[in-house]
Amino acid sequence: MTDVQVWWGRADQASAAHVELFNEIERDRHARFRVASARDQFTVGCAIVRLVLADMTGIAPEKLELDRECTRCAGPHGKPRLVGSDLRFSVSHSGDRIGVAFATGVELGLDVERAEGRDRDGVADAVLTPAELAGWRALPEPQREAAFYTYWTRKESVVKATGDGLNAPMDELHVSAPGEPPRLLTYPGGLALDATMTDLDPGPGYAAALTVLGPLGTLTVHDAGPLLAG
Ligand SMILES: CC(C)(COP(=O)(O)OP(=O)(O)OC[C@H]1O[C@@H](n2cnc3c(N)ncnc32)[C@H](O)[C@@H]1OP(=O)(O)O)[C@@H](O)C(=O)NCCC(=O)NCCS
């Protein structure tokens, strides 16, 4: 059983002091953002990662060796990991919300989405399996919006846990229906995964899900505000 901590922050909690904690790659990415809101999301995500890992390891946040190498192209934008450690974490941001989930010894994936503003019907066509799509379309219209984001975050949490990201064909990834307990039913390629899925509540207007590749022990949820204000 693996205990998981989920920490939530807000984009407006980003500060210049956080950038002081970053390594060269993170500073370079930070400097390249043209849109302030995306820069703030990145800043808060990196800062939560470094501040919580520092607390867990006793290593100063700026001294933690984080690797972000993409497994596809070796660029500095892949799933981040703490070098030489069995601590695992997953970062997600959408709108004003930034979440980071932490565990020891098992891979995990977190996804948060602001529950509005997508081409919902178009994305549903592309990412739901035929059976999911039929069930989703049969829902009364007022329920479809929330159900879509539940499907989407459940699926994305799984592909973030495996590290496949959106390279995994989402329309071959089958999860339980939004009205049912969250569960992975089929992973693309028939890959057998011991996945534990949980819906999270990141606040009004947002949906989120967490997938742990193993049995989940205790899940604790934390406000990153005081840590970020440091
Ligand atoms: C990972 C992915 C699913 C994230 O989707 P998203 O909804 O846009 O973004 P989220 O906010 O939920 O997650 C972003 C975070 O996921 C993490 N991440 C990046 N790649 C990841 C991967 N392959 N698996 C899991 N997490 C990943 C990063 O921490 C990133 O945040 P950061 O860069 O600010 O630290 C999507 O970006 C993806 O599929 N990326 C891989 C695509 C790829 O391989 N492209 C080839 C590049 S050469």
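Residues numbered from 1 in each chain as written. Predicted model: local features only at pLDDT ≥ 70, side-chain atom pairs only at ≥ 80, totals over all residues. Heavy atoms only, no water.

An unreviewed UniProt entry annotates the protein chain as 4'-phosphopantetheinyl transferase of Longispora fulva. Database annotation for the protein chain, UniProt heading Sequence similarities (unreviewed entry): "Belongs to the P-Pant transferase superfamily. Gsp/Sfp/HetI/AcpT family." (UniProt positions renumbered as here; feature names shortened; annotations may be inferred.)

Turning our eyes to something else, we now look at the site of the ligand. In the vicinity of the ligand there are 21 residues, among which Ser 92, His 93, Glu 156, Lys 160 and Leu 166 approach most closely. Between the ligand and Lys 79, the relevant distance is 3.3 Å, taken from a nitrogen atom to a main-chain nitrogen or oxygen of the residue. The contact in question runs from an oxygen atom of the ligand to an N or O atom on the backbone of His 93, over 2.8 Å. Protein chains bury 75% of the 900 Å² of accessible surface belonging to the ligand in isolation. Judged by the fraction of its atoms near the pocket grid, the ligand is located in the largest pocket. Of all the secondary-structure elements, those providing two or more residues to the shell around the ligand are strand E4 (87-94), strand E6 (108-114) and helix H6 (141-162). No other element matches the three residues that E4 contributes to the shell around the ligand. A class-by-class count of the residues in the shell around the ligand yields six nonpolar, seven polar and eight charged. Counting contributing residues per domain, the shell around the ligand is built from domain 1 (1-106 + 214-230) and domain 2 (117-191), each supplying no fewer than three. (Near = heavy atom within 4 Å. Polar contact = N/O pair within 3.5 Å; in protein donor to acceptor, adjacent residues only side chain to side chain. Areas by Shrake-Rupley, 256 points an atom, 1.4 Å probe, with all protein chains shown as cover. 1 Å grid on protein atoms, 1.4 Å probe; cavity = no way out; pocket = protein on both sides within 12 Å on 5 of 7 lines; lining within 4 Å. Sits in = over half its atoms within 2 Å of the grid points. Helix = DSSP H or I, 4+ residues; strand = E, 2+ residues; numbered from the N terminus. Nonpolar A, V, L, I, M, F, W, Y, C, P; charged D, E, K, R; others polar. Domains from an automatic or database assignment.)

Another point: the sheet that holds strand E5 (residues 97-104). Strand pairing in a sheet relies on backbone hydrogen bonds, with the paired strands running either antiparallel or parallel. Strand order in the open sheet made by the four strands is E4-E5-E1-E11, with mixed pairing throughout. Either end of the sheet is taken by a strand with one partner, and the two such strands are E4 and strand E11 (216-223). Here the average twist between neighbouring strands, direction ignored, is 15 degrees. Judged from the eight bridges that link them, E4 and E5 form a sheet pairing that is antiparallel. Note on E5: the bridge partner recorded for His 93 is Ile 98. Contacting strand E1 (2-10), E4 and E5, helix H3 (residues 36-57) runs over the sheet at an angle of about 30 degrees to E5. (Pairing = 2+ DSSP bridges. Axes fitted to C-alpha atoms, helices over the stretch in contact; angles between N-to-C directions. Contact = heavy atoms within 4.5 Å.)

In this structure, E1 lies alongside E11, joined through six bridges in parallel fashion. Considered in E11, the bridge of Trp 7 is made with His 222.

Right, let's get into the sheet that holds strand E10 (residues 206-212). Across the sheet, which stays open at both edges, the three strands sit in the order E6-E10-E9 with antiparallel pairing between neighbours. Lying at the two open borders of the sheet, with one neighbouring strand each, are E6 and strand E9 (196-200). Across the sheet, the mean angle separating the axes of adjacent strands is 15 degrees when strand polarity is ignored. When E6 meets E10, the two strands line up antiparallel, connected through seven bridges. Bridging from a neighbouring strand, Arg 114 pairs with Tyr 206 of E10.

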